[in-house]
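Next come the chains, spelled out residue by residue.
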Amino acid sequence: MNVGVAHSEVNPNTRVMNSRGMWLTYALGVGLLHIVLLSIPFFSVPVAWTLTNVIHNLGMYVFLHAVKGTPFETPDQGKARLLTHWEQLDYGVQFTSSRKFFTISPIIFFTFLNPLLDHKTLKRI
């Protein structure tokens, strides 16, 4: 029996990315990261976009693929301890809307970002 547990999911990690407003929050977080990087005086716009992309991709790699377990106490007898967040997402079912979103969003971000960069300036770095 779980005393003091307010959720009805066996593992809340499985449904958190499908919660209402999560995708909008994700996009706003990336936008906020970019605005913070733009506020640093010695970063040009192409460098800020590149850093936004790199920080986003590294953060999502660590969050989705490197960290195992769950921050919640789950009654699944330790099964979630061995799984990454990507493996726990939607109970491991492939091709769900949240998995498609997190697969496509970095690709769209890079495709949108690539024409904006000044490749001549970045080659000198």
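Procedures and definitions
Residues numbered from 1 in each chain as written. Predicted model: local features only at pLDDT ≥ 70, side-chain atom pairs only at ≥ 80, totals over all residues. Heavy atoms only, no water. UniProt positions renumbered as here; feature names shortened; annotations may be inferred. Helix = DSSP H or I, 4+ residues; strand = E, 2+ residues; numbered from the N terminus. Core = buried A, V, L, I, M, F, W, Y, C linked by side-chain atoms within 4.5 Å. Buried < 20%, exposed > 50% of the residue type's maximum accessible area, 1.4 Å probe, protein only. Contact = heavy atoms within 4.5 Å. Phe/Tyr/Trp six-rings, centres within 6.5 Å; stacked < 30°, edge-to-face > 60°. Lys NZ or Arg CZ within 6 Å of the ring centre and 35° of its normal. 1 Å grid on protein atoms, 1.4 Å probe; cavity = no way out; pocket = protein on both sides within 12 Å on 5 of 7 lines; lining within 4 Å. Points joined across faces, edges and corners; volume = space filled by probe spheres on them. Nonpolar A, V, L, I, M, F, W, Y, C, P; charged D, E, K, R; others polar.

For the protein chain, the name recorded in an unreviewed UniProt entry is ORM1-like protein 1 isoform X2, with Phyllostomus discolor as its organism. What UniProt records for the protein chain under Subcellular location (unreviewed entry) is the sentence "Membrane".

Caption draft 1: Local environment of the environment of V62. Its location among the elements puts V62 in helix α2 (residues 45-66). C-alpha separation for the pair V62 and H85, spaced 23 residues apart in sequence, amounts to 9.6 Å.

Caption draft 2: Looking closely at the nonpolar core. The biggest cluster of nonpolar side chains holds seven residues, and these are M17, Y26, M60, L64, W86, L89 and F102. When residues no more than four places from it in sequence are discounted, the contact partners of L64 are T84, H85, W86 and F102. Counting five residues, the second largest nonpolar core, distinct from the first, contains V30, W49, L113 and L117.

Caption draft 3: Just the packing of aromatic side chains, in detail. Taken as a whole, this structure holds seven aromatic pairs when the rule is applied. Arranged with centres 5.0 Å apart and planes meeting at 75°, the rings of F42 and F43 form a pair that is edge-to-face. The exposure class assigned to F42 is exposed, which follows from its relative accessible area of 67%. Summarising the aromatic geometry, the rings of W49 and F112 are spaced 5.8 Å apart at their centres and angled 80° between planes, so their arrangement reads as edge-to-face. Separated by 63 residues along the polypeptide, W49 in helix α2 and F112 in helix α4 (residues 97-113) bring together distant segments of the chain. A relative accessible area of 47% places F112 in the partly exposed class. Sitting above the plane of the W86 ring, R99 keeps its charged end 4.9 Å from the centroid.

Caption draft 4: Local environment of the side chain of H34. Tracing the chain through its elements places H34 in helix α1 (residues 22-38). On the basis of relative accessibility, which here comes to 9%, the residue H34 falls in the buried class. Residues contacting H34, with those up to four places away along its chain left out, are A48, W49 and T52.

Caption draft 5: Inspection of the layout of surface pockets at higher detail. Considering only enclosed or pocket space, the largest pocket measures out at about 150 Å³ in volume. Taken together, M17, M22, T25, Y26, V30, L33, I55, H56, G59, M60, F63 and F102 form the lining of the largest pocket. The set of elements that each furnish at least two residues to the lining of the largest pocket consists of α1 and α2. A class-by-class count of the residues in the lining of the largest pocket yields nine nonpolar, three polar and no charged.

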